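# Per-entry structural report
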Protein chains: 2
Amino acid sequence: MLGLSPTTVSRAIGGYPEVKEETRRRVREAAIAHGYRPNRRAASLATGRAMAIGHVIPTAFGHEMVNPIFADFIAGAGEVYAGAGYDMLLSVVPDGDEERAYRQMATAGNVDGLIVHGPRDGDPRIALLRGAGLPFVVHGRAPVEPTDYSFVDIDNRRAFRRATDLLLDLGHRLIALLNGIETMDFARRRRDGYLEALAARGLGARVDLTASAEMTEHAGHAAARRMLDADSPPTAFLVSSHIMALGVRRAIQDRGLTMGRDVSVVIHDDMLSYLANGAPPGAGGTEGPVFTATRSSVRAAGRRCAEILLANIGGHPPQVVQEIWECELVLGGSTGRGPP
Amino acid sequence: MLGLSPTTVSRAIGGYPEVKEETRRRVREAAIAHGYRPNRRAASLATGRAMAIGHVIPTAFGHEMVNPIFADFIAGAGEVYAGAGYDMLLSVVPDGDEERAYRQMATAGNVDGLIVHGPRDGDPRIALLRGAGLPFVVHGRAPVEPTDYSFVDIDNRRAFRRATDLLLDLGHRLIALLNGIETMDFARRRRDGYLEALAARGLGARVDLTASAEMTEHAGHAAARRMLDADSPPTAFLVSSHIMALGVRRAIQDRGLTMGRDVSVVIHDDMLSYLANGAPPGAGGTEGPVFTATRSSVRAAGRRCAEILLANIGGHPPQVVQEIWECELVLGGSTGRGPP
DNA sequence: GCGCAAATCGAAACCGTTTTGGGCAAGGCG
DNA sequence: CGCCTTGCCCAAAACGGTTTCGATTTGCGC
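Because the structure is a prediction, the values reported are computed rather than measured.

### Examining the protein's contact with DNA strand D
Taken together, 24 residues sit near DNA strand D, with S10, N39, A42 and A46 of chain A together with T8 of chain B positioned nearest. Put simply, the parts of the chain that give the surface near DNA strand D at least two residues each are α1 (6-14) and α3 (40-47) of chain A together with α1 (6-14) and α3 (40-47) of chain B. For the surface near DNA strand D, a count of residues per class yields 11 nonpolar, 10 polar and three charged.

Here it is, written out as structure tokens:
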């Protein structure tokens, strides 16, 4: 249309210096006027870069459950991708097929890198990806101390150690732990922190005061109800997720008890956007946090993982970045002194 | 490696008939032995089909909010894509940039179709996509009666009409509506159903008993609290989302009232996997629903949208499929008789 | 006016597939 | 034996860009 070669058009749009400014302007104008945009697939083929990042999100641990933190994590990562011109490729797979999905993404060459979510015991994915030579960043980390890959994680052990210490300091002795499924690394570490705090005061954990389940409202309710109905019920709960804690609160109220007075609750808060713990930032309220919580934004983690991955893809040599974030400990209305 | 041409390899793997069975076997074995997999981008370029579906998920309505129903919707759609060999391309964009994101996906040719989420007043996206000649399916529908595009929606008006009727039948007269943001089509229709039910009994809506906000726990709490503190507070709440209702329940309990006895609540339940309303299927409990609810699985909607879209892409001629699903009305413990 | 560097552009190769249009041998039929 | 089909395979042309290499023009110093 403009009497120019594909070469020049490509260079004009790509911002290369060897085209006259006026030509570039003409090309740009014609492009927007006619809605022309370079075909991503063809460009990818030519450059060898897919300009896309893959996320594999597992669904179901037996049930049809999708972890609600993904929405926020993905939102965070997505912001970064969008800013850098990358696409996000999502693969939703049943829990067992996960490995196949990773392998497929790695070899089919339609992503330049991967984010690995929630590593588990003896997770085969990391070895697999390292073998495939594809850059990746892990959200969380594998149980054995990793040495040579990038990850972003929170200090789960320390967070739950501090939370347990807080409850102990308040005078609680019967502290229940409502954890996620303990084949997941984060749940394992939280349990360790909990046990460590108890042991430091010469206390042992009572088996009937710990539960490990999917982090749903229902599971929280069921476990809390069972414990509250037993002999010598707990006076405090340590709960691994906000959503689970909603079920705990319901169970407490079912029994005619008041949270924060009769029973204390400390949660871990991922700062999900639709589930602010108290007034969300910017709402301008004076309302404090509902739950006392260890907290760390999963959305920020998504952003950070994406940044690290993109840096690893773009800039050589690939840097190994390992970040372990400290959680904030916020005091809310859900904790009070233990029984005398 | 096998002394075969690319042609034959392509046909062997693609399952075309003009290759000897024994050759096909050799190719297959060599492929898995060496981890060969056809490059998706090159294949896409050659065939003209991207083998990917785009989803644009808006973040923030001013705040940094990502709608929690996306996780489940996407999980449903993802199942279908995976089964058909399609990828899912996600674009997370700030609310205003949505249109640009759609246009980009449409013209860059890296998707074969799109799912449009949550259409709004005078939504430009539909016209835009129709112009681009890209197949799409809308989750929800536009306010003006659509004629020629596919969508899957629930009968929001009827659901809220029935819910309101239920509360009226129970003797409630002061019924509050806690709705989503009413520029969204679904929220508009729910309001219509609510008003229609009131009008049918000669009742008008009190402005101070309706609220329209982001569907967060906090917004639900704030609105319910405000209403409960006012003169002649409502005896029942109609709440547009489960999460919002958690805030309502908290507000009710803050006031020392009991949900289901002092104040009734009816919600709309999207059946999110991590937020089962009562015992999730398969849990084997005898516990009934916590909330009385109109309900419809958003995950099923995701599956259905994906099916329709893939059918439209694969089979010609493109069929327009328009489905309006009826919600189930389930009775839970959150509703009781109104004041005498 | 000449030589040389810089600016500007184009031709052609290439990315890794799929698909079209044969080619060649074997087999069936008259 | 010649012809036609069938079975199996390959060469080459797309697909729509990017990039390398080279050509032509322009600018500048002398």
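### Digging into unusual backbone geometry
Located in the positive-phi region is S232 of chain A, a residue other than glycine, with phi close to 40°. With respect to the element layout, S232 of chain A can be found in the loop between α9 (217-229) and β8 (236-239).

### Section: α3 of chain A
Listed in full, the buried residues belonging to α3 of chain A are R40, R41, S44 and L45 of chain A. Taken around the axis of α3 of chain A, the buried residues stretch over an arc of 135°, which confines them to a single face. Facing away from the buried surface of α3 of chain A by more than 90 degrees, the exposed residues are A46 and T47 of chain A. Those residues of α3 of chain A hidden inside the fold are in contact with α3 and α5 (98-108) of chain B. Directly after α3 of chain A, the chain includes G48 of chain A, whose backbone phi takes a positive value near 85°.

### Some remarks on the protein's contact with DNA strand C
Taken together, the neighbourhood of DNA strand C is formed by 24 residues, with S5 and T8 of chain A together with S10, A42 and A46 of chain B sitting nearest. Of all elements in the fold, only α1 and α3 of chain A together with α1 and α3 of chain B reach the threshold of two or more residues within the surface near DNA strand C. When grouped by side-chain class, the residues that make up the surface near DNA strand C number 11 nonpolar, 10 polar and three charged.

### A closer look at the interface of chain A and chain B
On the chain B side, the residues contacting the 48 residues of chain A number 48 residues. Sorting the residues of the side of chain A that touches chain B by element identifies α3, α4 (69-84), β2 (87-94), α5 (98-108), α9 and α10 (242-254) of chain A as the ones contributing at least two each. Strand direction decides the pairing type here: β2 of chain A and strand β2 (residues 87-94) of chain B, joined by three bridges, are antiparallel. Residue pairing in the sheet places L90 of chain A in a bridge with M88 of chain B of β2 of chain B.

### Structural notes on the sheet that holds strand β9 (residues 264-269) of chain B
Residues and elements named next belong to chain B. In spatial order, the strands read β7-β6-β8-β9-β10-β12; together these six strands make up an open sheet with mixed pairing. With one partner strand each, in any of the chains shown, β7 (210-212) and β12 (328-330) form the two edges of the open sheet. Here the average twist between neighbouring strands, direction ignored, is 15°. Of the strand pairs in this sheet, strand β10 (residues 292-295) and β12 are connected by three bridges, and their pairing is antiparallel. Looking across to β12, one finds that R295 is bridged to E328.

The rules we used
- Residues numbered from 1 in each chain as written.
- Chains lettered and ligands numbered in written order.
- Predicted model: local features only at pLDDT ≥ 70, side-chain atom pairs only at ≥ 80, totals over all residues.
- Near = placed C-beta within 6 Å.
- Helix = DSSP H or I, 4+ residues; strand = E, 2+ residues; numbered from the N terminus.
- Nonpolar A, V, L, I, M, F, W, Y, C, P; charged D, E, K, R; others polar.
- Buried ≥ 20, exposed ≤ 12 C-beta atoms within 10 Å, placed from the backbone.
- Arc of directions from axis to C-beta.
- Contact = placed C-beta atoms within 7 Å.
- Pairing = 2+ DSSP bridges.
- Axes fitted to C-alpha atoms, helices over the stretch in contact; angles between N-to-C directions.

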